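So you can see what is in the structure, the chains are spelled out below.
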Amino acid sequence: MGTVVDAANKEGAKSALSEKKPKVVFVLGGPGSGKGTQCANIVEHFGYTHLSAGDLLRAEIKSGSENGTMIQNMISEGTIVPSEVTIKLLEKAIMEIENDKFLIDGFPRNEENRAAFELVTGIVPEFVLFFDCSEEEMERRILGRNQGRVDDNVETIRKRFRVFVESSLAVINYYSSKGKVKKIDAGKPVEEVFEAVKAVFAPVDDKAAA
Ligand SMILES: Nc1ncnc2c1ncn2[C@@H]1O[C@H](COP(=O)(O)OP(=O)(O)OP(=O)(O)O)[C@@H](O)[C@H]1O
Ligand SMILES: Nc1ccn([C@@H]2O[C@H](COP(=O)(O)O)[C@@H](O)[C@H]2O)c(=O)n1
Ligand SMILES: [Mg+2]
C-alpha cells in the first residue's frame, strides 16, 4: 500500500481540507506535560475545537476498524502509528466539525507526520504550543492520572519519553527554526500554566475572553 505522501505526490491532490482553510494550532509536549488539560481550557476560553490525535486513535480501536489491532499494539508500545492512518482521522474530524479553528493535540509526533500532513492537507499551523516539562514531573502526573490507559505504566511511559526525545523534539525544532514555537513552562500548577497560555492566545484570537 503506497504511503499517504506517495498518493499526494502522485495525484498532486490537496484534500478538501485546503478548501476549508481552517486555522490550526499544533499542541505538542511530552506524555503527561498537560496538553489535554490545557486544550480543555483553551476550548472554553477561546472557542477552538480540541482534536487529540491519541483520542482519535483510541476511538478507532473501539470502533473495531481493520487498523484497530495495529493501533492498539503501537499505543501499548508507545510507538507512532503510520501517518496515513492518523491524518485520515484528523481530516475526517476537521471536515465534519462546524468550526474553523482547531487545536491538534499530540500531532505531529515525528517528521513523517509533519511533512505528510502539510503535503496532504496543504495546511500550515498558525503556531505550535509547546508544553515543556521534566520527565520526573510528567511521569508523576501520568502515574496519578487513573484513566485506565493501556500506556500509563512505567515501562511504556519510559518508551514514550524516548520516542518524544528521538522523534517529536525534531518537529518542535523544525517549527522553532520557522519562529513558530510558543514555549510554555508546563511544570507549574495548572492555573499558572493557563495564565501563560492565555497570553499566547489573547493577542492573536478575536474571541479572547474578557
Ligand atoms: N500543571 C499541572 N500540574 C499538575 N498536574 C497536571 C498539570 N497539568 C495536567 N496535570 C495532570 O497530569 C495528568 C496528565 O495531563 P494531560 O492528560 O493533560 O497530559 P497530556 O500531555 O495530554 O498527556 P498524554 O500525552 O499522555 O495524553 C492528568 O492527570 C492531569 O490532570
Ligand atoms: N500523532 C500521534 C499521536 C499519538 N499516537 C499514539 O497514541 C499514543 C497516545 O497519544 P497521546 O497524545 O494521547 O498521549 C501515543 O503514545 C502513540 O502511540 C500516534 O501514534 N501518533
Ligand atoms: Mg493527552
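Residues numbered from 1 in each chain as written. Chains lettered and ligands numbered in written order. Predicted model: local features only at pLDDT ≥ 70, side-chain atom pairs only at ≥ 80, totals over all residues. Heavy atoms only, no water.

(A) Representation of the packing of aromatic side chains in the model. As enumerated under the stated definition, the model contains eight aromatic pairs in all. When the centroid spacing of 6.1 Å and the interplanar angle of 65° are considered together, the rings of Phe26 and Phe107 count as edge-to-face. Within this pair, whereas Phe26 is found in strand S1 (residues 23-29), its partner Phe107 is found in the loop between strand S3 (101-105) and helix H7 (111-121), the two being separated by 81 residues in sequence. Note on accessibility: Phe26 and Phe107 belong to one class, buried. (Phe/Tyr/Trp six-rings, centres within 6.5 Å; stacked < 30°, edge-to-face > 60°. Helix = DSSP H or I, 4+ residues; strand = E, 2+ residues; numbered from the N terminus. Buried < 20%, exposed > 50% of the residue type's maximum accessible area, 1.4 Å probe, protein only.)

(B) Examining the UniProt feature "binding site: CMP" (unreviewed entry) in the protein more closely. Taken from the UniProt record, the annotation "binding site: CMP" (unreviewed entry) applies to Asn113. By the secondary structure assignment, Asn113 is in helix H7. Apart from residues lying up to four places away in sequence, Asn113 is in contact with Ile80, Val81, Ser83, Ile87, Phe107 and Pro108. At a separation of 2.9 Å, a polar atom in the side chain of Asn113 contacts the main-chain amide nitrogen of Arg109. (UniProt positions renumbered as here; feature names shortened; annotations may be inferred. Contact = heavy atoms within 4.5 Å. Polar contact = N/O pair within 3.5 Å; in protein donor to acceptor, adjacent residues only side chain to side chain.)

(C) Quick peek at the packing of helix H4 (residues 53-62) against helix H6 (residues 83-96). Contact geometry of H4 with H6 gives a least axis separation of 10 Å together with a crossing angle of 100°. Put simply, H4 runs roughly perpendicular to H6. Residues Ala53, Leu56, Leu57 and Glu60 of H4 pack against Val85, Thr86, Leu89, Leu90 and Ala93 of H6. For the contact of H4 with H6, the residue count by class is seven nonpolar, one polar and one charged. (Axes fitted to C-alpha atoms, helices over the stretch in contact; angles between N-to-C directions. Parallel < 35°, antiparallel > 145°, perpendicular 65-115°, else oblique. Nonpolar A, V, L, I, M, F, W, Y, C, P; charged D, E, K, R; others polar.)

(D) The site of ligand 1, seen in detail. For ligand 1, the set of nearby residues contains 15 residues, the closest of which are Lys35, Thr37, Arg145, Arg160 and Lys188. Here an oxygen atom of ligand 1 and a backbone polar atom of Gly34 are 3.0 Å apart. In the environment of ligand 1, a nitrogen atom lies 3.4 Å from a nitrogen or oxygen atom belonging to the side chain of Arg141. Within the complex, 79% of the 630 Å² of free accessible area of ligand 1 lies under protein. (Near = heavy atom within 4 Å. Areas by Shrake-Rupley, 256 points an atom, 1.4 Å probe, with all protein chains shown as cover.)

(E) Representation of H6 in the model. Here H6 contains 14 residues, and its C-alpha end-to-end distance of 20 Å stays within 8% of the 20 Å for a straight helix at 1.5 Å per residue. What H6 keeps buried is the set Ser83, Glu84, Val85, Thr86, Ile87, Leu89, Leu90, Glu91, Ala93 and Ile94. (Expected span 1.5 Å × (residues − 1).)

(F) Highlighting the side chain of Ser168. The topology assignment puts Ser168 in helix H9 (residues 154-177). A distance of 2.7 Å separates a polar atom in the side chain of Ser168 from the backbone oxygen of Arg109. Leave out the neighbours within four places in its chain, and Ser168 touches Arg109 and Val163.

(G) Looking closely at the nonpolar core. Judged by nonpolar contacts, the single largest core of 23 residues is most densely connected at Phe26, Ile104, Phe107 and Phe117. Contributions of two or more residues to this core are made by S1, H6, S3, H7, strand S4 (127-132) and H9. When sequence neighbours within four positions are dropped, the list of residues in contact with Phe107 reads Phe26, Val27, Leu28, Ala53, Thr86, Ile87, Leu90, Asn113 and Phe117. (Core = buried A, V, L, I, M, F, W, Y, C linked by side-chain atoms within 4.5 Å.)

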